[in-house]
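Chain by chain, the residues run as shown.
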Amino acid sequence: MARLILSLDNQVLAEYNMTKERYTVGRLPDNDVRIDNPAVSGHHSLIINILNDSFLEDLNSTNGTYVNGKLIKKHALQHGDVITIGHHQLRFADQQAPETEQDEFEKTMVIPTGQQNADQLARAEEAADQAVADAVSEPRDDIAASVKLDPEEAAPLEDEAPPAPRQPVMAAPVSGPNQSIT
């Protein structure tokens, strides 16, 4: 279960077990986590718990909400995050996530793409150059030999001239309402 530990000047003021789905943080008495300090807005921020994840959102506070020293609007909380509101700190502790457990992303091996892609491209270019060189330097009699025509079918083809290329057909101009055809 996640917990929030409220402190001021390294002195713990309160601890909150995160058993509800929503927690409001602010100066007014209707907040779940009340920080009675003029630097804290009436409704300063909101923490939402969804399954095993917790999210912090600033509620357009006057002085902002900081996580680990950075101003945020929305933030996915991680074990050990320090939320600063005014002069107070809220440390987020998540007992469900042991510190030795790695995130799935951290387990993923990253392959540097620059060199890998350059090597693959070079090999592909060499293979293509070799294929072109082979095709140009060696006549491909094997292709012609693989196509066999019956002598009776081949005789008319030898006598006929190749067909003339077709000429493109030009379309007649289209007249508009203000044009006349002459």
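Residues numbered from 1 in each chain as written. Predicted model: local features only at pLDDT ≥ 70, side-chain atom pairs only at ≥ 80, totals over all residues. Heavy atoms only, no water.

## A look at the overall build of the chain
Consideration 1: From N to C terminus, the chain includes four helices and eleven strands.
Consideration 2: Across the 182 residues in the chain, those meeting the buried criterion constitute 24%.
Consideration 3: Relative to all contacts within the chain whose residues are 6 or more apart in sequence, the contacts with residues 24 or more apart total 30%.
Consideration 4: Approximately 14100 Å² of the chain is accessible, and the part contributed by carbon and sulfur atoms is 53%. (Helix = DSSP H or I, 4+ residues; strand = E, 2+ residues; numbered from the N terminus. Buried < 20%, exposed > 50% of the residue type's maximum accessible area, 1.4 Å probe, protein only. Contact = heavy atoms within 4.5 Å. Areas by Shrake-Rupley, 256 points an atom, 1.4 Å probe, with all protein chains shown as cover.)

## Digging into the pairing of strand E10 (residues 82-85)
Consideration 1: Across the two faces of E10 the burial differs, with Ile83 and Ile85 buried and Val82 and Thr84 not buried at all.
Consideration 2: As judged from the three bridges shared by strand E7 (residues 65-67) and E10, these two strands associate in the antiparallel manner. Each residue of the ladder has a partner; that of Tyr66, found in E10, is Thr84.
Consideration 3: Note that E10 and strand E11 (residues 88-94) share four bridges and pair antiparallel. Pairing of Ile83 across the sheet is with Leu90, part of E11.
Consideration 4: Hairpin connection, E10 to E11: the antiparallel pair is bridged by two residues, and Gly86 has positive phi, about 65 degrees. (Pairing = 2+ DSSP bridges.)

## Topic: the packing of aromatic side chains
Consideration 1: For the structure on display, the rule yields zero aromatic pairs.
Consideration 2: Between the NZ or CZ atom of Lys20 and the centre of the ring of Tyr23, over which it lies, the distance is 5.3 Å. (Phe/Tyr/Trp six-rings, centres within 6.5 Å; stacked < 30°, edge-to-face > 60°. Lys NZ or Arg CZ within 6 Å of the ring centre and 35° of its normal.)

## Section: the pattern of salt bridges
Between side chains of opposite charge, a pair can form when the charged atoms approach closely.
Consideration 1: Evaluation of the coordinates by the stated rule reveals four salt bridges.
Consideration 2: Ionic pairing is found between Glu15 and Arg3, a salt bridge with its closest N-O pair at 2.5 Å. With a gap of twelve residues between them, Glu15 in strand E2 (residues 11-17) and Arg3 in strand E1 (residues 2-8) connect regions that are remote in the sequence.
Consideration 3: Among the ionic pairs, Asp58 bridges to Lys73, the shortest N-O distance being 3.8 Å. Here Asp58 is found in strand E6 (residues 53-58), whereas its partner Lys73 is found in the loop between strand E8 (70-72) and strand E9 (74-76), with 15 residues between them in sequence. (Salt bridge = Lys/Arg side-chain N within 4 Å of Asp/Glu carboxyl O.)

## A few points about unusual backbone geometry
Consideration 1: The backbone of Asp9 shows a phi angle near 55 degrees, a positive value even though the residue is not glycine.
Consideration 2: With respect to the helices, strands and loops of the structure, Asp9 is situated in the loop between E1 and E2.
Consideration 3: Phi is positive for Asn60, which is not a glycine, with a value near 55 degrees.
Consideration 4: Along the chain, Asn60 falls in the loop between E6 and E7.
Consideration 5: The exposure class assigned to Asn60 is exposed, which follows from its relative accessible area of 67%.

## Quick word on the side chain of Asp94
Consideration 1: Structurally, Asp94 can be placed in strand E11.
Consideration 2: One buried charged side chain, Asp94, makes no salt bridge at all; its nearest oppositely charged neighbour is Arg3, positioned 8.9 Å away.
Consideration 3: Contact partners of Asp94, with chain neighbours within four places excluded, come to Met1, Ala2, Asn52 and His79. (Lys, Arg positive; Asp, Glu negative; His and termini not counted.)

## Observations concerning the sheet that holds E7
Consideration 1: Reading across the sheet, the six strands line up as E2-E1-E11-E10-E7-E8 and stay open at both edges, with antiparallel pairing between neighbours. Strand pairing shows two members of the sheet lacking a second neighbour, E2 and E8, which therefore form its edges. Pairwise comparison of adjacent strand axes, ignoring direction, gives a mean angle of 30 degrees for this sheet. (Axes fitted to C-alpha atoms, helices over the stretch in contact; angles between N-to-C directions.)

## A word on the sheet that holds E9
Consideration 1: The five strands lie next to each other as E4-E3-E5-E6-E9, forming an open sheet whose pairing is mixed. With partners counted over all chains shown, the strands left at the sheet margins are strand E4 (33-34) and E9, one partner each.
Consideration 2: Taken together, the three bridges between E6 and E9 define a ladder with antiparallel strand orientation. Paired with Glu57 across the strands is Lys74, a residue of E9.

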